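Below, each chain spelled out in residue letters.
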Amino acid sequence: MISLKSTFLGNAGISGSYSRLSAKQRGLAPSKLKVVALNPNRERNGSVLMESTLQELRDGATVLDLDNKATVAGGVQDIYGEDSATEDQLVTPWSLSVASGYSLLRDPHHNKGLAFSDKERDAHYLRGLLPPTVISQDLQVKKMMHIIRQYQLPLQKYMAMMDLQETNERLFYKLLIENVEEMLPVVYTPTVGEACQKYGSIFSRPQGLYISLKEKGRILEVLRNWPEKNIQVIVVTDGERILGLGDLGCQGMGIPVGKLSLYTALGGVRPSYCLPVTIDVGTNNEKLLNDEFYIGLKQRRATGQEYDELLHEFMSAVKQNYGERVLIQFEDFANHNAFDLLAQYGTTHLVFNDDIQGTASVVLSGLVAALKLVGGTLADHKFLFLGAGEAGTGIAELIALEMSKQTKMPVEETREKIWLVDSKGLIVKSRKESLQHFKKPWAHEHEPINTLLDAVNDLRPTVLIGTSGVGRTFTKEVVEAMASFNETPVILALSNPTSQSECTAEEAYTWTKGRAIFASGSPFAPVEYEGKVYVPGQANNAYIFPGFGLGLIMSGTIRVHDDMLLAASEALASEVTQENYDKGLIYPPFTNIRKISANIAAKVAAKAYELGLATRLPQPKDLVKHAESCMYSPSYRSYR
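Everything numeric here is computed off the predicted structure, so don't read it as measured data. (Residues numbered from 1 in each chain as written. Predicted model: local features only at pLDDT ≥ 70, side-chain atom pairs only at ≥ 80, totals over all residues. Heavy atoms only, no water.)

The number of helices and strands found in the protein is 26 helices and 17 strands. Here the protein holds 640 residues, and the buried ones make up 58% of them. Contacts spanning at least 24 positions in sequence make up 71% of the contacts within the protein whose residues lie at least 6 apart. (Helix = DSSP H or I, 4+ residues; strand = E, 2+ residues; numbered from the N terminus. Buried < 20%, exposed > 50% of the residue type's maximum accessible area, 1.4 Å probe, protein only. Contact = heavy atoms within 4.5 Å.)

Once that is clear, we can look at the pattern of salt bridges. Enumeration over the complete set of coordinates arrives at 27 salt bridges. Salt-bridge contacts for K174 lead to E178; the nearest nitrogen and oxygen are separated by 2.8 Å. Linking K174 with E178, this pair stays in helix 7 (residues 169-178), spanning 4 residues, or about one helical turn. Among the residues examined, K174 registers a relative accessible area of 11% and is labelled buried. The partner of K216 in a salt bridge is E309, and the shortest N-O contact between them spans 2.8 Å. With a gap of 93 residues between them, K216 in the loop between strand 4 (209-212) and helix 11 (219-223) and E309 in helix 14 (residues 304-322) connect regions that are remote in the sequence. According to the relative accessible area criterion, K216 is partly exposed, its value standing at 35%. One network of salt bridges, in which partners are shared, links R241, D332, D355 and E390. (Salt bridge = Lys/Arg side-chain N within 4 Å of Asp/Glu carboxyl O.)

This part takes up the pairing of strand 9 (residues 383-386). Side-chain alternation along strand 9 places F383 and F385 on one buried face and L384 and L386 on a second face that is also buried. Bridge count for strand 9 against strand 10 (residues 418-422) is 4 bridges, and the pairing is parallel. Among the inter-strand pairings, L384 is bridged to a residue of strand 10, identified as W419. (Pairing = 2+ DSSP bridges.)

Moving on to the layout of surface pockets. Considered as a void within the structure, the second largest pocket measures approximately 840 Å³ in volume. Counting residues per element, the lining of the second largest pocket draws most heavily on helix 17 (residues 390-407), which supplies 4 residues. Here the lining of the second largest pocket is composed, by residue class, of 13 nonpolar, 19 polar and 11 charged. (1 Å grid on protein atoms, 1.4 Å probe; cavity = no way out; pocket = protein on both sides within 12 Å on 5 of 7 lines; lining within 4 Å. Points joined across faces, edges and corners; volume = space filled by probe spheres on them. Nonpolar A, V, L, I, M, F, W, Y, C, P; charged D, E, K, R; others polar.)

Okay, the sheet that holds strand 7 (residues 327-330) next. In any sheet, the strands associate via hydrogen bonds between backbone groups, in a parallel or an antiparallel arrangement. With parallel pairing, the 5 strands of this open sheet are ordered in space as 4-6-5-7-8. One side of each edge strand has no neighbouring strand; the edge strands of this open sheet are strand 4 and strand 8 (350-353). Strand-to-strand, the axes of this sheet are offset by a mean angle of 25°, without reference to chain direction. Here 4 bridges tie strand 5 (residues 233-237) to strand 7, and the two strands are oriented parallel to one another. Pairing of V233 across the sheet is with L327, part of strand 7. Of the strands in this sheet, strand 4, strand 5, strand 6 (274-280), strand 7 and strand 8 are in contact with helix 14, which crosses strand 6 at around 160°. (Axes fitted to C-alpha atoms, helices over the stretch in contact; angles between N-to-C directions.)

With respect to the secondary-structure elements, E528 resides in strand 15 (residues 527-529). The spatial distance from the C-alpha of E528 to the C-alpha of Y509 is 8.9 Å, given a sequence separation of 19 residues.

This next bit is on the nonpolar core. Counting 119 residues, the largest nonpolar core has L367, I399 and F548 as the members making the most contacts within it. The greatest single-element share of this core, amounting to 10 residues, is contributed by helix 25 (residues 593-611). (Core = buried A, V, L, I, M, F, W, Y, C linked by side-chain atoms within 4.5 Å.)

Here we come to the packing of helix 8 (residues 180-187) against helix 12 (residues 254-267). Where helix 8 contacts helix 12, the two axes come as close as 10 Å, and the packing angle between them is 160°. Compared by their axis directions, helix 8 and helix 12 come out roughly antiparallel. The hand of the helix 8/helix 12 crossing is right-handed. Residues V180, L184 and V187 of helix 8 lie in contact with helix 12, whose contacting residues are G258, L262 and L266. Residue classes in the contact of helix 8 with helix 12 are distributed as 5 nonpolar, 1 polar and no charged. (Parallel < 35°, antiparallel > 145°, perpendicular 65-115°, else oblique. Left-handed = near helix turned anticlockwise from the far one by under 90°.)

Written out as structure tokens, the structure is:
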């Protein structure tokens, strides 16, 4: 029998070049290969080893050769048996070698801190490395929340959470799941915007993969440097348009890291299946270029052929390394690249742009729910947007598609009920020749109008939507005009972070005398107006993309279709209760987000099977229960 040995302190594992060879290539007899663990009852130098057979090895592969066979949970088979084990069964905390002692406490995937039992402390050489008290994970959560609440600044809370994620992964996710409404603004918008701006200064441990122009021609090799091999979701940015903050270059990594933490916490996608990526092609931000702490390439942004070739190499390498079913989510690319990338790779890869499609889906859901309060159908309303970029045109198109689906009208006709204002005024046909291609479908017949206020007074919309990225552009005059001809005006100020919101919740409720239905992109506190408390909704993409991604993964979908986005919107809208409506809310509370995500995943998966785009066959009978069964649990496991 051949043993793969690992020393106690070195935890060196096996060299990458050797581990990629098959057993046959190494001249080993696969049926006799076993993996060994340290015997906790023998010498600490690892010379005496305890054999533990992990699984029957298949097709000449060793345990280090990863198997892409799907499990019933919709994921890729876990070679260590953890996927198939129940939570009360014992598992071994394997990495490339058995994590033990000092190394185990510094392994975020397996570290439990003071929650290690006395038996585990003996088995894994932890005696003396921890204080003697043994506490529960629930008490750890309580303690961490007490610590985090002591910090005065949101960025301090963000840094504390990132530190926790890098030291104790399961505790991080348990804390986030159980305190989601309080902690969501900390780990994501609006705090993540400030974190990206200061990423060079607060950067300590690298998270995710950084692929720069220096890696051109070697991207496949770089992907193989990532320790996890079974990747199912990649969130990638080039940092050119981070939230409403502009070009933050390499420091945009905070966005993919934050998004993927929500994929796990809210959608139940396993952390090991997630890969954050930043494509660094330089930055045009002069402040960063002159900042000695900037962590990215200090050069102007690459454009044209150089940019396209790098992105194409990345997309090809991802498909080659991870297969057809890996979801690639584009995040915070500038308009001129975002639409082109989605169009170019939408037919060859499983791609999704959260700024265009995710935002559209969550806003459409809010509008569908709002109809319960204002009455009528989508086709009975007129929509006016301030902002005609990725988010604005994406939302507009999905509204038009849903309207077309409901009325059987051609989408070209339903678009005529939707108007957009950009920095040069109302988008009209006389401007068509000078418009970017994604704005042209919204150029309607009308005389030019230069200001938003004039557009509101002339068009008299029932719904006003802000995606401009410019704060305080819904002025008192604009909001009062909306209230003058609408009994219940719908006002959505969607730009992030909070400083870029088109108006505040207090302004919307006060200027409409409490009659507005309001939702924003960043969270606002409840507002009291004339003795009544109004709870503003948050049109947060986190309602949609985690469940949407889970639905794609568990069904093995190979392409994203617009009907899946519509299905996700309808699923979210159906979660709004009468109690929510009574408070003026058009979105459900985040406290039930995992249940909501399971229902969204089920609807998305059902649509994938209906369209013939799903590959995990046969289709489960109960997709909601199947989605719930696929979700990652952050509860601690007991170790042998």
